[in-house]
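# Inside the fold
One letter stands for each residue in the lines below.
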Amino acid sequence: QVQLVESGGGLVQVGGSLRLSCAASGSIFSINHWAWYRQAPGKERELVATITSGDSTNYADSVKGRFTISGDNAKKQVYLQMNSLKPEDTAVYYCNANLRMSRYAPNYSYWGQGTQVTVSS
């Protein structure tokens, strides 16, 4: 059983910063890549940022230069530093991990329960 737990969400003013964390627990052999997604009310879930086991990162155009994803596979944690926050960043943020539970197990994607980020103007 694998579980992802996010933390760090909250209410922040425009221009402020937040740091989200996500910790994975359970039987994990290796983590291939992490991702952060977000879903605003009435909108589809969208990809925010990804990081591979080799620390290669990618970002949605809307957050480039403002958000930074980082990971610590030894600790089985991933982070999302969010700066210069805007009202349009308001959403529930979800952590995603693509991992395998044993050497010969298939890759599988797991999700956290989500953490609310609200940016007030």
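Attention in this report is confined to the structure presented alongside it.

Criteria and cut-off values
- Residues numbered from 1 in each chain as written.
- Predicted model: local features only at pLDDT ≥ 70, side-chain atom pairs only at ≥ 80, totals over all residues.
- Heavy atoms only, no water.
- Salt bridge = Lys/Arg side-chain N within 4 Å of Asp/Glu carboxyl O.
- Helix = DSSP H or I, 4+ residues; strand = E, 2+ residues; numbered from the N terminus.
- Pairing = 2+ DSSP bridges.
- Axes fitted to C-alpha atoms, helices over the stretch in contact; angles between N-to-C directions.

A full pass over the atoms with the stated rule returns four salt bridges. Between D61 and K64 there is a salt bridge, with its nearest N and O atoms 3.2 Å apart. Notably, a salt bridge pairs D89 with R66, separated by 2.7 Å at the nearest N-O pair. On the criterion of sequence distance, the pair formed by D89 in the loop between β8 (77-82) and β9 (91-100) and R66 in the loop between β6 (57-59) and β7 (67-72) is long-range, its members being 23 residues apart.

Turning our attention to the sheet that holds strand β1 (residues 2-7). Spatially, the four strands line up as an open sheet ordered β1-β3-β8-β7, and their pairing is antiparallel. Strand pairing shows two members of the sheet lacking a second neighbour, β1 and β7, which therefore form its edges. Across this sheet, the average inter-strand angle for adjacent strands is 15°, counted without regard to direction. Note that β1 and strand β3 (residues 18-26) share six bridges and pair antiparallel. Counted as the bridge partner of V5 is A23 from β3.

Take the pairing of strand β4 (residues 30-39) next. Here nine bridges tie β4 to β9, and the two strands are oriented antiparallel to one another. Paired with R38 across the bridge in β9 is Y93. In this sheet, strand β5 (residues 46-52) lies alongside β4 in antiparallel orientation, the contact comprising six bridges. From the neighbouring strand, H33 faces β5, where its bridge partner is T52. Count of turn residues in the β4/β5 antiparallel hairpin: six residues, of which G42 carries a positive phi of about 80°.

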